[in-house]
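Inside the fold
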Amino acid sequence: MKVGIIGAGSIGLLFAAYLSRVFDVTVYTRSQEQAAEINQNGVLLLNGMDKAVAKVGALSITDWQGLEDFTIIAVKQYQLVSIIERFDQLPSVPKNLFFLQNGMGHLKLLNQMKAANLFVGSVEHGALRENSYTVRHNGESTTNVAVYKGDSGVLQWFTTAVSRVFPMTIKDDYLAMLEKKLIANAMINPLTAILRVNNGALLENPFYYKVLQSLYREITFILNIENPENCWEQVITICQKTAANRSSMLKDIEARRPTEVDAILGYLIEEANKQGKTPFQLETLYYLIKGIERQGEVIS
């Protein structure tokens, strides 16, 4: 089976390293230079003291024809529009598309997709790209997956094959699955990005912990979560498992890249406005992140 992975950031490289043990994998990169380095060196996976080199193919995204049996889209939310625009230029409609993005802003983009099978996922692993072909697996967990549209049998077969080397968990309700990850992202990402701390500091510092609790109440109120205590435990677990990690939003800020704040906090603010609710804390965090992006002269 041939698998394409669009995006060679930390998650794209992590998936490429593990899935290449099961499938024939091609990674599609933003630059010809990164594709050349991956073709020369493979993908170097670091996990604790262990090192492994995965041999995968690599091409520029401009060479993607959508001919693989299964395509994983592992780019940032704000990069999705340009990827989706390429679909109209392909010789045929891709067979199976699997989207791995933070937040939930991408769901409205999926409604215009022509692919028969669309799947979405939320990644709970910790990963850090150390250079163009090296990724460090910082925290082992699972990838939750669900059907957005199409054949659940295809997803069942794929996850069964992958789970031999890389855990995947199928969820029945894609919306509930994504909301749980959204809650964690909306709390951990902006707070750590503004405070410039690792994830674990939100639990270790009692004052940060109070902010975490207050923010959680506002988010679950907006999302109308019936049993909020279950989601709270997940947030705590993620903070504990990734205590030494720096969130993706913090890493984006430090690298002067655009953040996914619009897809995460922007989505929640939009939902609050639809319901006539006022997202006081979320709006404050949103504008702070936007201000930090402006001050840091973000490079797209």
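Refer to the structure presented above.
Predicted model, so just to flag it, every value in this text is computed and none were measured. Along each chain, residues carry numbers from 1 onward, in the same order as the chain's sequence is written. pLDDT decides what is reported in this predicted model: residues at 70 or higher carry local features, side-chain atom pairs at 80 or more are listed and counted, and totals for whole chains, interfaces and linings draw on all residues regardless. By convention in this description, side-chain values take in all heavy atoms of the structure and omit both hydrogens and water.

1. Let's talk about the overall build of the chain
By definition, any uninterrupted DSSP run of H or I lasting at least four residues is a helix, any uninterrupted run of E lasting at least two residues is a strand, and each is numbered from the N terminus. In terms of regular secondary structure, the chain is built from twelve helices and twelve strands. As a reference, a globule follows 2.2 Å times the number of residues to the power 0.38, and the radius of gyration itself is taken over C-alpha atoms. The C-alpha atoms of the chain give 19 Å as radius of gyration, which agrees with the globular expectation for 300 residues (19 Å, within 12%). In this scheme, a residue with accessible area under 20% of its type's maximum is buried, one over 50% is exposed, and one in between is partly exposed, where area comes from a 1.4 Å probe on protein chains only. Counting only residues that meet the buried cut, the chain has 54% of its 300 residues in that class. For this analysis, residues touch if any pair of their heavy atoms sits within 4.5 Å. The contacts of the chain with a sequence gap of at least 6 include a subset with a gap of at least 24, amounting to 69%. The Shrake-Rupley method, run with a 1.4 Å probe sphere, supplies the accessible areas, and residue values consider only the shown protein chains as cover. When the accessible surface of the chain is split by element, carbon and sulfur atoms take 49% of a total near 13,800 Å². Asp and Glu are treated as the negative residues and Lys and Arg as the positive ones, with His and the ends of the chain left uncounted. The atoms used to mark charge sites are NZ of Lys, CZ of Arg, CG of Asp and CD of Glu. Averaging the locations of the 29 positively and 30 negatively charged side chains of the chain gives two centres separated by 3 Å.

2. Points about the side chain of Ser247
For Ser247, the position within the fold is in the loop between α9 (228–241) and α10 (248–254). Sequence-distant contacts of Ser247, defined by excluding residues within four places in its chain, comprise Ile188, Asn189, Thr192 and Asn199.

3. Some remarks on the packing of helix α6 (residues 174–195) against helix α8 (residues 206–223)
In contact at an axis separation of 10 Å, α6 and α8 are set at 145° when each is read in the N-to-C sense. Helix-helix and strand crossings are classified by hand; for α6 and α8 the assignment is right-handed. Contacts from Glu179, Leu182, Ile183, Ala186, Met187, Leu191 and Leu195 of α6 reach α8 at Tyr208, Val211, Leu212, Leu215, Tyr216, Ile219, Thr220 and Leu223. Lys, Arg, Asp and Glu make up the charged group, whereas Ala, Val, Leu, Ile, Met, Phe, Trp, Tyr, Cys and Pro make up the nonpolar group; the residues left over, Gly among them, are polar. Residue classes in the contact of α6 with α8 are distributed as 13 nonpolar, one polar and one charged. For helices, the fitted axis covers only the stretch in contact; all axes are lines through C-alpha atoms, and the angles between them, taken along N-to-C directions, range from 0 to 180 degrees. The sense of a crossing depends on the near helix, which, turned anticlockwise from the far helix by less than a right angle, makes the crossing left-handed and, turned clockwise, makes it right-handed.

4. Points about unusual backbone geometry
Negative phi is the rule for most residues except glycine; trans is the rule for most peptide bonds. Backbone geometry at Arg196 places phi at a positive 60°, although glycine is not the residue there. By the secondary structure assignment, Arg196 is in the loop between α6 and α7 (201–204). You can call Arg196 partly exposed: its relative accessible area is 43%. Unlike most non-glycine residues, Asn224 shows phi in positive territory, near 55°. Relative to the helices and strands, Asn224 resides in the loop between α8 and α9. The partly exposed category is assigned to Asn224, whose relative accessible area is 49%.

5. Here's the deal with the state of the cysteines
Note on terminology: pairs of cysteine sulfur atoms within 2.5 Å are recorded as disulfides. Under the defined criterion, the tally for this structure stands at zero disulfides. Among the cysteines around Cys231, which has no disulfide bond, Cys239 carries the closest sulfur, lying 14 Å off. Cys239 sits in the buried class, given a relative accessible area of 0%.

6. Section: α9
Helices are assigned an expected span. That span is 1.5 Å times one less than the residue count. Over its 14 residues, α9 extends 20 Å from the first C-alpha to the last, a length consistent with the 20 Å expected when each residue adds 1.5 Å. By the burial criterion, the buried members of α9 are Cys231, Trp232, Gln234, Val235, Ile236, Ile238 and Cys239. In the core, the buried residues of α9 are packed alongside α6, α7 and α8.

7. Here we look at helix α11 (residues 261–274)
For α11, which comprises 14 residues, the first-to-last C-alpha distance of 19 Å matches the rise-based estimate of 20 Å (1.5 Å per residue) to within 8%. At Tyr267, α11 is deflected by roughly 25°, the largest bend along its length. Buried residues dominate α11, accounting for ten of its 14 residues. Val261, Ala263, Ile264, Leu265, Gly266, Tyr267, Leu268, Ile269, Glu271 and Ala272 are the residues of α11 that are buried. On its buried face, α11 is in contact with α6, α8, α10 and α12 (280–295). Trailing α11 by a residue or two, Gly276 shows a phi angle of about 75°, which is positive. To get the bend at any residue, fit one axis to the seven residues that end at it and another to the seven that begin at it, then take the angle between the two axes.

8. So, the environment of Ser10
Topologically, Ser10 is positioned in helix α1 (residues 10–19). Residue class for Ser10 comes out partly exposed when judged on its relative accessible area of 22%. Sequence-wise, Ser10 and Lys180 are 170 residues apart; in three dimensions their C-alpha atoms are separated by 22 Å.

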